[in-house]
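# Fold and geometry: a report
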Amino acid sequence: MITTLDRMVLVSYVRSYAIVWTSLIGLFVVIDLFTHLDAFMSRPGSFPAIAAYIVRYYLFHVPQVFDLMAEPIALLAATFTVSWMQRNNELLPQLSAGIPTRRIVRPVLFGAAVAVALAPLNTELVIPEIADELMASRDDPEGAKAQLLMGAYDTSGVHIEGLAGYRKDRRVDRFCATFPESSPSGMVHVTAEEAVYIPPGDDPLTGGWMLTGVGEPVPSPLPTNFTVLGTGRGFLRTDTADYDTVRRGGTWYIYASTVRLRELLGADDSRRQTKMAVLFHTRITRPVIGMLLVLLGVSVILWNPNRHIALSAGLCMALGTGYYACVIGCTAIGNSALVSPAMAAWIPVMIYGPLAFVAFDMVHT
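The following refers to the structure shown. (Residues numbered from 1 in each chain as written. Predicted model: local features only at pLDDT ≥ 70, side-chain atom pairs only at ≥ 80, totals over all residues. Heavy atoms only, no water.)

## Some remarks on the overall build of the chain
Of regular secondary structure, the chain possesses 12 helices and 8 strands. Scaling as 2.2 N^0.38, a compact globule of 365 residues should have a C-alpha radius of gyration of about 21 Å, whereas the chain reaches 26 Å, well beyond that. The C-alpha extent of the chain, read off along each of the three principal axes, is 90 × 55 × 35 Å. By the burial criterion, 47% of the 365 residues in the chain qualify as buried. Partitioning the intrachain contacts of the chain with sequence separation of at least 6 by distance along the chain shows that 64% fall at a separation of at least 24. (Helix = DSSP H or I, 4+ residues; strand = E, 2+ residues; numbered from the N terminus. Rg over C-alpha atoms; globule rule 2.2 N^0.38 Å. Buried < 20%, exposed > 50% of the residue type's maximum accessible area, 1.4 Å probe, protein only. Contact = heavy atoms within 4.5 Å.)

## Considerations on the pattern of salt bridges
Following the criterion strictly, the structure yields 10 salt bridges and no others. Of the charged contacts, one joins Arg 103 and Asp 6 as a salt bridge, the two residues approaching to 2.7 Å between their closest N and O atoms. Of the two residues, Arg 103 sits in helix H5 (residues 101–104) while Asp 6 sits in helix H1 (residues 4–35), which places them 97 residues apart along the sequence. According to the relative accessible area criterion, Asp 6 is buried, its value standing at 11%. One salt-bridge network, held together by shared partners, links Asp 169, Arg 171, Asp 173 and Glu 194. (Salt bridge = Lys/Arg side-chain N within 4 Å of Asp/Glu carboxyl O.)

## Some details on helix H9 (residues 258–265)
It helps to recall that an α-helix has 3.6 residues per turn; residues three or four apart then point in one direction. Where H9 is concerned, the buried positions are Thr 258, Leu 261 and Leu 264. Mapping the buried residues of H9 onto a view down its axis gives an arc of 115 degrees, with all of them on the same face. Buried residues belonging to H9 abut helix H6 (106–126) and helix H10 (273–303). (Arc of directions from axis to C-beta.)

## What to know about the packing of H1 against helix H3 (residues 47–87)
Orientation of H1 relative to H3, taken along the N-to-C sense of each, is 140 degrees, at an axis distance of 6 Å. Considering the angle they form, H1 stands oblique to H3. Of the two possible hands of crossing, H1 and H3 adopt the one that is right-handed. Tallied by class, the residues present in the contact of H1 with H3 amount to 24 nonpolar, 3 polar and 1 charged. (Axes fitted to C-alpha atoms, helices over the stretch in contact; angles between N-to-C directions. Parallel < 35°, antiparallel > 145°, perpendicular 65-115°, else oblique. Left-handed = near helix turned anticlockwise from the far one by under 90°. Nonpolar A, V, L, I, M, F, W, Y, C, P; charged D, E, K, R; others polar.)

## What about the pairing of strand S7 (residues 226–230)?
Bridging between S7 and strand S8 (residues 233–237) involves 4 bridges; their strand directions are antiparallel. What sits directly across from Thr 227, in S8, is Phe 235. From the end of S7 to the start of S8, which pair antiparallel, there are 2 residues, and Gly 232 there has a positive phi angle of about 75 degrees. (Pairing = 2+ DSSP bridges.)

## Quick notes on the pairing of strand S6 (residues 208–214)
Burial analysis of S6 places 5 of its 7 residues in the buried class, the great majority of the element. The pairing of strand S5 (residues 189–198) with S6 spans 6 bridges and is classified as antiparallel. Paired with Glu 194 across the two strands is Thr 212, which belongs to S6. Looking at chain direction, S6 and S8 are connected through 5 bridges and run antiparallel.

## Let's talk about the packing of aromatic side chains
Under the criterion given, the structure shown has 10 aromatic pairs. Measuring from ring centre to ring centre gives 5.9 Å for Phe 40 and Tyr 58, while their planes differ by 50 degrees; the resulting arrangement is tilted. One end of the pair, Phe 40, is in helix H2 (residues 37–41); the other, Tyr 58, is in helix H3, with 18 residues separating them in the sequence. Residues Phe 40 and Tyr 58 agree in their burial class; the two are buried. (Phe/Tyr/Trp six-rings, centres within 6.5 Å; stacked < 30°, edge-to-face > 60°.)

## Let's talk about the environment of Val 327
Looking at the secondary structure, you find Val 327 in helix H11 (residues 309–335). On the basis of relative accessibility, which here comes to 18%, the residue Val 327 falls in the buried class. Val 327 sits 18 residues away from Ala 345 along the chain, and the two C-alpha atoms are 7.8 Å apart.

## Focus: a nonpolar patch on the surface
Side chains of Val 30, Phe 34, Leu 37, Met 41 and Phe 47 sit close together on the surface and give an oily, nonpolar patch of about 520 Å² of accessible area. Counting residues per element, the ones that place at least two in the nonpolar patch are H1 and H2. Residue placement: Phe 34 occurs in helix H1. Relative accessible area serves as the criterion here: at 62%, Phe 34 is assigned to the exposed category. (Patch = residues over 30% accessible without salt bridge, like charges linked within 9 Å, V, L, I, M, F, W, Y side chains within 5 Å. Areas by Shrake-Rupley, 256 points an atom, 1.4 Å probe, with all protein chains shown as cover.)

## A closer look at the state of the cysteines
A disulfide bridge is the covalent bond that connects two cysteines by way of their sulfur atoms. Using the criterion set out here, one finds 0 disulfides in the structure. Cys 326 forms no disulfide, and the closest cysteine sulfur to it belongs to Cys 330, at a distance of 4.2 Å. For Cys 330, a relative accessible area of 7% translates into the label buried. (Disulfide = S-S within 2.5 Å.)

## A few points about the nonpolar core
The nonpolar side chains of soluble globular proteins are, as a tendency, buried together. If you look at the biggest cluster of nonpolar residues, it comprises 46 residues, and the most contacted ones within it are Tyr 13, Tyr 17 and Val 294. Within the residue set of this core, elements represented by two or more residues are H1, H3, H6, H10, H11 and helix H12 (341–361). Counting 20 residues, the second-largest nonpolar core is a separate cluster that includes Val 158, Ile 160, Leu 211 and Tyr 243. (Core = buried A, V, L, I, M, F, W, Y, C linked by side-chain atoms within 4.5 Å.)

## Some words on the environment of Thr 4
Tracing the backbone shows Thr 4 in helix H1. Residues Thr 4 and Asn 122 lie 118 residues apart in sequence; the distance between their C-alpha atoms is 31 Å.

See below:
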């Protein structure tokens, strides 16, 4: 049953969450803006046009920053809510009325659960849709300037790279495709002066790269996904190696949704399977770890009701630092194949789970 006190505590948490979110995200925007102010001001155009571009740029990058800071924001909001309740002596009357401490902070935990759930929603629904904007250069939002290409493997095993790329036209200069040994022609290189990626469509010559200025000799027999169209022209069909993939490099999949990661894990490509699997399992365990972090932080605050709010916030920041260190360390050993991907993702849960429940059990009621 939801009481008036529950609504009051929940509103207090929402208010604290809004303040912490605005403060941390705003701090990032201010620091990043003044650090790269020259790159923004070097763009041609009037001051209102530059200001509009700056606003647009950070509107797209706020979800990326939130993706990194979602759990610490939820933790700090819970910390401030409980600490202010202690500071204003709002807990004592309820405890005197026989209400257990765990019952009092239940609305805080509910609000934190909703806040932690925002991070997966942001990762699944927002980040994949704005991945191109996140990769755009500050001084070249239109993608007209030459870009350094990182190269990428297609699920067919073909490695694609180039000298320079142009995002606006999906064009690559000095294109080079390396076919694996398993192809009909063996390991061969196909080069072209220029290649343009054509998105999938109804036409047979879509969903791949249109090559012009193909170098000699053309491999024989031809690979199954390569078609010769005439003198110096050809078409290379690819499954996953589109222009954005080649531009982002080997870590392009970090912007993909979990459903897309699951599809990629089923593909016959072992080069990035381990890192993809670690990321996939980490996406699954992330809400669990985030909620355990909040539970542990609230428990630590409730241990000492006389602790100053600044000290309480410092303790929670230390917990957040330990959270990041644990997740990054486990991800690193998982990427190195020292443990299985599933184990790498669940180790933080096994560490924080017992700590959180023991700490919450020690709270005085």
